[in-house]
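One-letter residues, chain by chain:
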There are 2 protein chains.
Amino acid sequence: MAKELKELTPRDENYSQWYQDLVIKADLAENSAVRGCMVIKPYGYAIWEKMQGYLDGMFKATGHTNAYFPLLIPKSFMSKEADHIEGFAKECAVVTHYRLKNAADGSGVIVDPGARLEEELIIRPTSETIIWNTYRNWIRSYRDLPLLINQWANVMRWEMRTRLFLRTAEFLWQEGHTAHATRREAEEEALRMQNVYAEFARECMAMPVIRGRKSDSERFAGAIDTYTIEAMMQDGKALQAGTSHFLGQNFGKAFEVTFLNKEGKTEYAWATSWGASTRLIGALIMSHSDDNGLVLPPKLAPTQVVIVPIYRNAEQLGQISERAEAIATRLKALGITVKYDASDNKKPGWKFAEYELKGIPVRLGLGGRDLENNTVEVMRRDLLRKETLSCDGIERQVQALLEDIQGNIYQKALQRLTSRTIEVDTYEAFKSRLEEGFFILAHWDGSPETEERIKNDTKATLRCIPAEGDGLPGRCIVTGRPSAGRVLFARAY
Amino acid sequence: MAKELKELTPRDENYSQWYQDLVIKADLAENSAVRGCMVIKPYGYAIWEKMQGYLDGMFKATGHTNAYFPLLIPKSFMSKEADHIEGFAKECAVVTHYRLKNAADGSGVIVDPGARLEEELIIRPTSETIIWNTYRNWIRSYRDLPLLINQWANVMRWEMRTRLFLRTAEFLWQEGHTAHATRREAEEEALRMQNVYAEFARECMAMPVIRGRKSDSERFAGAIDTYTIEAMMQDGKALQAGTSHFLGQNFGKAFEVTFLNKEGKTEYAWATSWGASTRLIGALIMSHSDDNGLVLPPKLAPTQVVIVPIYRNAEQLGQISERAEAIATRLKALGITVKYDASDNKKPGWKFAEYELKGIPVRLGLGGRDLENNTVEVMRRDLLRKETLSCDGIERQVQALLEDIQGNIYQKALQRLTSRTIEVDTYEAFKSRLEEGFFILAHWDGSPETEERIKNDTKATLRCIPAEGDGLPGRCIVTGRPSAGRVLFARAY
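Cut-offs and rules
- Residues numbered from 1 in each chain as written.
- Chains lettered and ligands numbered in written order.
- Predicted model: local features only at pLDDT ≥ 70, side-chain atom pairs only at ≥ 80, totals over all residues.
- Helix = DSSP H or I, 4+ residues; strand = E, 2+ residues; numbered from the N terminus.
- Rg over C-alpha atoms; globule rule 2.2 N^0.38 Å.
- Buried ≥ 20, exposed ≤ 12 C-beta atoms within 10 Å, placed from the backbone.
- Contact = placed C-beta atoms within 7 Å.
- Nonpolar A, V, L, I, M, F, W, Y, C, P; charged D, E, K, R; others polar.
- Pairing = 2+ DSSP bridges.
- Arc of directions from axis to C-beta.
- Axes fitted to C-alpha atoms, helices over the stretch in contact; angles between N-to-C directions.
- Least-squares fit on C-alpha atoms with pLDDT ≥ 70 in both.
- Domains from an automatic or database assignment.

**Some words on the overall build of chain A**
A tally of helices and strands in chain A yields 14 helices and 27 strands. The C-alpha radius of gyration computed for chain A amounts to 26 Å, which stays within 12% of the reference 23 Å derived for 493 residues, consistent with globular compactness. Buried residues in chain A amount to 48% of all 493 residues. Intrachain contacts of chain A at a sequence separation of at least 6 include 68% that bridge at least 24 residues.

Written out as structure tokens, the structure reads:
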């Protein structure tokens, strides 16, 4: 592939095009022949596997186990919780038949009209209904609670406008579904999992987030409260990176999930659900990457270090390879993933550009002079900065560098979030700051009408009522009516 | 739950009922509200996660990477490979619409007739078509080959008679799809993956298998050759535990996947695909378990050791717990998964039965006398045999015991397979041996008609043409016509 094929639209020219270029050119994903459904390519999937590994470990550490529930949901289940059907059943894939047959005219296969399902089945857009229908038989007594289950699965929502990772008809995610004996326990669980997402974002994705609660109009269909983590992308737009819902007894009642409490009385079970998806890959890209390509936090980089030989002839390559492989072995012993690229059909310059595009955190270059001097050229992807180091103890240096990169890109993202989140007190200031790409903390009168008006005027949505704020009351920037405290507005993905 | 609820139908009374009882009572899986779709419960899913971990590692060690392709396949794709459509498209879930709406009469939601898809979409029964349609754009030159990709996914086949794990409409599996520059490389890959499955069965599942090639009538729809591993269940029936297909250029041609070879000529790519599914959990159960419940090989047991305290009062429980937790810590340090069950609402006898049912390989019992004597009672699940050992160095003893159990259940299964596989030379002997639960090696004339006749007469199918055999020719037991070598027949799941 020629070098120019790898060039990206610069971010300040067209951020959206830059994102699309990068997803394609870094071989993360592509659109498929099925409208709205993506193919997650090996490199993109390897990042997802890293994310899964950390998240799964965090879920298990908080007492959850995995299980698997059916892909298809009977249509009638979707209707049992009134808000839920409004939010989810409208745009979904509907299975109506279970057989194809050869067309009588030999033109191919057609749907067999004789194989129509009695009740249509929906491809799950989310699994509360099928799972709570199952929980009815699993829960009898308070001793069966809490029930703490997670599922890794594909889901489908028939989105009209799709963008790779950010909004696709089919996507991969995890969905936790828990049942509890008391309201308080369920509320604690919902907040616990919001914090797990925030910690994952911070520690693994190097992505700071604002934790908060959704307004009534933005919360999950069927929830009492939706807790969210909101991240700031480089263009100042917000991305909802994980949500955790306190569902009250809504699904317990809809699916008649009752239990005998300690006092021997029958009660409906309390519920939470929480999810994060392949959308996080989009968030990761737009948090750290640059005009040269991906910048990946070392913890999520499928390959953390690449070694590239720079050689004149086969004999020199042999000597360099020996050195490179010794270094690779020492790095692997520290648990670092490393690739030695001695492929002979690409020049070092091409390889350098390729691995910058792919966001490999550290590149080691080894040439003839390095052999003589017992040195190696070390390039860190985040700062695109090079230095020459001794081969002695290089593995510890690289290990420290990876930690430094992880910390540095977090600090950079935190600096952006902090410096570009601002309090405003007038609607004028709100509008102008929004154009400049700020997250805005403003007073709001608490009404859906005002929220809707702001959205229509400015395309900004109420991202959350922040968990941490000064909590001081004020006056709504639009209506002047009383406000209990500032809330967060931004344009969003 | 009372003890009697845990009791299983004995195997020699009704093997099929024993299997069903065990799957339900050991909390592995259950039927869902959606016909033919199962719920994989946490304990069953934990076994699947163990299987996934080993298989995924083996795929990566042989150079494969994971990716993800769409759940839905356009109907027209299924028709492009003539044999493939015959084999798969007939019984499948068909998506025809993408929206529901409220019924005019307020009775609920109905399928919106205005949201009919132009082309119907099929829920993947297997992904050759959508993947090879994608590969068309990924493969240009021999330098892009081999392409070695695996996918972990759910698939759906509209089965009419379903059994938990063994045959369900939706199931979880992995499907490898590789593309190669030469016929030879693709054939080698197909055989390599058959061997990976055989090794996984032997080393992790403790399940010996017979490797072989399928006959024309049993091979995968669209394949040139299907390589299989066949395991013997306790009732003498065969279970196909993994298949690997050499697909020739069939999909390359159907989806126009061509590449420039080293000589600069355009060729169609060569293909393989290979898969193993949650069916393996059924195979695992029917390989080793007994009338008391599951017997799990230690490598796949979600919990390898359980410690149960036997105590008179709270004070004694405190002393036992201290000892138990010290032992648990030492076991964990050796990478052994261990659970200490000090729950106070169940008696030791109930716990013993429960953990036998669940197939925990080793149970440690700690009572008052053990405290005095510095001993522990060690029960091995495979032989249901107890011994009292010193607490000193118990962790190494348990580690060795786990290895011994893994080896012992393999040997037991191997002994069954070996002693119950027999050569027969007459159709009479064939029929009587089959009734006695034997795998039968017999001469066959190579014709689909004879194969069909045997199937109709005896319900035995041709499981495979074994990879290892004496290779000596003979006469077909049915027609007396020449046979190139003995083939394997059995009744099968």
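**Structural notes on the interface of chain A and chain B**
Contact residues are listed per partner, giving 51 residues for chain A and 51 residues for chain B. Across the side of chain A that touches chain B, the residue classes tally to 31 nonpolar, eleven polar and nine charged. Examined bridge by bridge, strand E5 (residues 94-97) of chain A and strand E5 (residues 94-97) of chain B share three bridges and lie antiparallel to one another. Counterpart to Val95 of chain A in the pairing with E5 of chain B is Val95 of chain B.

**Regarding helix H13 (residues 427-435) of chain B**
Since the α-helix turns once every 3.6 residues, residues separated by three or four places project in the same direction. Residues and elements named next belong to chain B. When H13 is considered as a whole, its buried residues turn out to be Phe430, Arg433 and Leu434. Axial view of H13: buried residues confined to an arc of 100°, hence all on one face. Along H13, the residues that are exposed and aim more than 90 degrees away from the buried face are Glu428, Ser432 and Glu435. Its buried side turned inward, H13 meets strand E22 (421-423), strand E23 (439-443) and helix H14 (448-458).

**With respect to the sheet that holds strand E21 (residues 385-390) of chain A**
Residue and element names in this part refer to chain A. Reading across the sheet, the five strands line up as E18-E17-E19-E20-E21 and stay open at both edges, with mixed pairing between neighbours. Taken across any chain shown, the strands that pair with only one partner, and hence form the sheet edges, are strand E18 (338-340) and E21. For this sheet, the mean angle separating the axes of adjacent strands, direction not counted, is 25°. Of the strand pairs in this sheet, strand E17 (residues 305-309) and strand E19 (residues 362-366) are connected by five bridges, and their pairing is parallel. Its bridge partner being in E19, Ile307 is matched across the sheet by Leu364. Set on the sheet, helix H9 (residues 314-333) makes contact with E17, E18 and E19; between it and E17 the angle comes to about 170°.

**A short note on helix H13 (residues 427-435) of chain A**
Here the buried face of H13 of chain A lies against strand E22 (421-423), strand E23 (439-443) and helix H14 (448-458) of chain A. Where H13 of chain A ends, the next residue or the one after it, Gly437 of chain A, has phi of about 85°, a positive value.

**Side note on the pairing of strand E8 (residues 116-123) of chain B**
Residue and element names in this part refer to chain B. Inspection of the sheet shows strand E4 (residues 72-74) paired to E8 by three bridges, in the antiparallel sense. Considered in E8, the bridge of Pro74 is made with Leu121. Bridge count for E5 against E8 is three bridges, and the pairing is antiparallel. Bridging across to E8, Val94 finds its partner in Ile122.

**What about the relation of the copies chain A and chain B?**
Rotating chain A by 180° about the axis while translating it 0.0 Å along that axis superimposes it on chain B, leaving an RMSD of 0.0 Å. Both copies are brought into coincidence by an operation consistent with a two-fold rotation axis. Within chain A, Val95 of chain A has its C-alpha nearest the rotation axis, a separation of 2.1 Å. Comparing contact sets, 100% of the residues at the interface of chain A also lie at the interface in chain B, consistent with an isologous, same-surface contact.

**Considering unusual backbone geometry**
Residues and elements named next belong to chain A. Residues Leu145 and Pro146 are joined by a peptide bond in cis, for which omega reads -5°. Tracing the backbone through its elements, the reader meets Pro146 in the loop between helix H5 (128-138) and strand E9 (147-156). We note that Lys459 has phi near 65°; this positive angle belongs to a residue other than glycine. Assignment of secondary structure puts Lys459 in the loop between H14 and strand E24 (461-466). Its 12 C-beta neighbours within 10 Å are what place Lys459 among the exposed residues.

**Thoughts on the sheet that holds strand E8 (residues 116-123) of chain A**
Ordered by their spatial adjacency, six strands build an open sheet running E4(A)-E8(A)-E5(A)-E5(B)-E8(B)-E4(B), and the pairing between neighbours is antiparallel. One side of each edge strand has no neighbouring strand; the edge strands of this open sheet are strand E4 (72-74) of chain A together with E4 of chain B. When the angles between neighbouring strand axes are averaged without regard to direction, this sheet yields 45°.

**Thoughts on the domain arrangement of chain A**
Residue and element names in this part refer to chain A. When its domains are assigned, chain A resolves into domain 1 (14-93 + 123-288), domain 2 (303-403) and domain 3 (421-490). The gap between the C-alpha centroids of domain 1 and domain 3 is 26 Å. With 16 residues of domain 1 at the contact, the number on the domain 3 side is 14 residues. Contributing elements (two or more residues each) for the side of domain 1 that touches domain 3: strand E11 (210-213) and strand E12 (225-232). With four residues, E11 is the single largest residue contributor to the side of domain 1 that touches domain 3. Grouping the constituent residues of the side of domain 1 that touches domain 3 by class yields three nonpolar, five polar and eight charged.

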